Every structure is written in structure tokens, then in C-alpha cells.
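Results of the structural survey
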Amino acid sequence: MSDEDFIGVGDFFKKPWQGLQVKDAYKEDVGRGILRIDAETVHALNLKTGDIIKIFNPKTRKSTVGLLWGGYEEEDRIKSIRLDASLRRNLQPVPNDKVEIRKICAPLAGIVIVKGLNEKIVLKEANVLTKKLENRVITLDDIFSFYSENRRLDFIVKDFSPKEITVRIQSS
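Residues numbered from 1 in each chain as written. Predicted model: local features only at pLDDT ≥ 70, side-chain atom pairs only at ≥ 80, totals over all residues. Heavy atoms only, no water.

**Observations regarding the sheet that holds strand 10 (residues 151-161)**
What counts is decided by this rule: Strand pairing is assigned whenever DSSP detects at least two bridges linking the two strands. Each helix is a run of H or I in the DSSP string that is no shorter than four residues. Each strand is a run of E no shorter than two, and both are numbered from the N terminus. With axes taken as lines fitted to C-alpha atoms, and helix axes fitted only over the stretch in contact, angles between N-to-C directions fall between 0 and 180 degrees.
Strand order across the open sheet formed by 3 strands is 7-10-9, with antiparallel pairing between neighbours. Where the open sheet ends on each side, the last strands, each with one partner, are strand 7 (111-116) and strand 9 (143-148). Along the sheet, successive strands turn relative to each other by an average axial angle of 40°, direction set aside. Bridge analysis of strand 7 against strand 10 gives 6 bridges, and the strand direction is antiparallel. Across the sheet, the residue bridging to Ile-111 is Ser-161, located in strand 10.

Now the structure itself:
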């Protein structure tokens, strides 16, 4: 998919929409790397649950990726995208920013290299990180956090293979 296929404020949403307004994730979605989009937009763009969505913030020129989950009926009137703190942190939106989206494909990750964002982090159990990232999609420089041993750990994605825009993490 080329950049001409980008769906958002600059092109597709000139017809009848103005973009997707960024909102906070629902409590049950926090930390899962998923996003929710209103049902009308999902239908109009022919998207489905499990699609990989690249999100671009034109104001900050930042982007990230997430897995699409269905929106709730009460959101049908609002052209919105619900993002958890990790996805918002990677986009750096301000309240009510509008973002552009597109569906992309992502191969399974072979190797993923992460490092502590602000400090060296040594985990007692290596599989803790693997479990936290399972069934997520990532791109270079994505920042993600989780709690272990009663403290928040912040990581940044430094490299992965294959060399693509994004990869999907799935355990074997």
C-alpha cells in the first residue's frame, strides 16, 4: 500500500468526514495495543476487527500502529478513534486532535530488540516481556510500558526483523 492510499484528513475525509477525533481508550483496552473506531467509519472504509491500522498525527508528524477492535454503538455519531496511553504517547496528540489512518499489512516478527527508555532494565523472567507484547503490532521507536514487581517499566523498540514498516508479534 502506497502513501497515496492513506485515508485521512487530507484526502478521504474531505468527503463527508473531517477526520477521526482522538479519545481515551476504554478501561478494559488499556495496555493492549488496540484501538477502536466508530462503526460507521469502520463500515465506510471496509475495515474489520483484527486489521492492522497505521495512525498518523499530521500536527506532530508522528505515527504508530495498533490492532482494530470494534467500536461501541454509542460512538456511531462521533467520528472518533479510541487510543490507550501507549498509542497516544507515540502520536503525541493534544485533546480533540484529528488523525489520519490506513490499513496496512505486517509480517510476523522474527527478532525484536527493545531497550529501557530511560534506564537499563533487567527482567528476572525473560518471558514476561514476550507475554506483554504477544498479539501486538509495533513499529520502530514505539514506546510501550507495563508494570512488573510494582513498578512501571518503559521500553522503546529499537529494531526488528524482517525489515518492514511494522511487524506483528505472535508467540509460537
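From this point, the discussion proceeds with the structure in view.
**Quick look at unusual backbone geometry**
For clarity, the threshold we go by: Burial classes: relative accessible area under 20% of the type maximum marks a residue as buried, over 50% as exposed, and values in between as partly exposed (1.4 Å probe, protein chains only).
Look at the link from Ser-161 to Pro-162: it is a cis peptide, with omega at 0°. The topology assignment puts Pro-162 in the loop between strand 10 and strand 11 (166-169). Its identity as a non-glycine residue notwithstanding, Asn-135 has a phi of 65°, on the positive side. Turning to its location among the elements, Asn-135 is positioned in the loop between helix 3 (127-133) and strand 8 (136-139). The exposure class assigned to Asn-135 is partly exposed, which follows from its relative accessible area of 40%.

**Some points on the pattern of salt bridges**
Defined as follows: Each reported salt bridge corresponds to a side-chain nitrogen of Lys or Arg within 4 Å of a carboxyl oxygen of Asp or Glu.
A full pass over the atoms with the stated rule returns 13 salt bridges. Between Asp-38 and Lys-79 there is a salt bridge; the shortest N-O distance is 3.7 Å. Taken together, the residues span a long stretch of sequence, with Asp-38 in the loop between strand 2 (34-37) and helix 1 (39-44) and Lys-79 in the loop between strand 4 (62-70) and strand 5 (80-83) at a distance of 41 residues. Residue Asp-38 is classed as buried on the basis of its relative accessible area of 0%. For Lys-79, a relative accessible area of 16% gives the class buried.

**Re the side chain of Asp-142**
Formally: Positive residues here are Lys and Arg, negative ones are Asp and Glu, while His and the chain termini are left out of the count. Any pair of N or O atoms that falls within 3.5 Å is considered a polar contact. Within protein, one atom must be able to donate a hydrogen and the other to accept it, and sequence-neighbouring residues count only if both atoms are side-chain atoms. By the convention used here, residues are in contact when the closest approach between their heavy atoms is within 4.5 Å.
Its place among the elements puts Asp-142 in the loop between strand 8 and strand 9. Of the buried charged residues, Asp-142 lacks a salt bridge, with Arg-136 as the closest side chain of opposite charge at 6.8 Å. Among the polar contacts made by the side chain of Asp-142, one reaches the main-chain amide nitrogen of Thr-139 at a distance of 3.1 Å. In this structure Asp-142 touches Ser-63, Thr-64, Val-65, Asn-90, Val-137, Phe-155, Ile-156 and Val-157, once residues within four positions along its chain are discounted.

Don't take any of this as a statement about function, it's just geometry.
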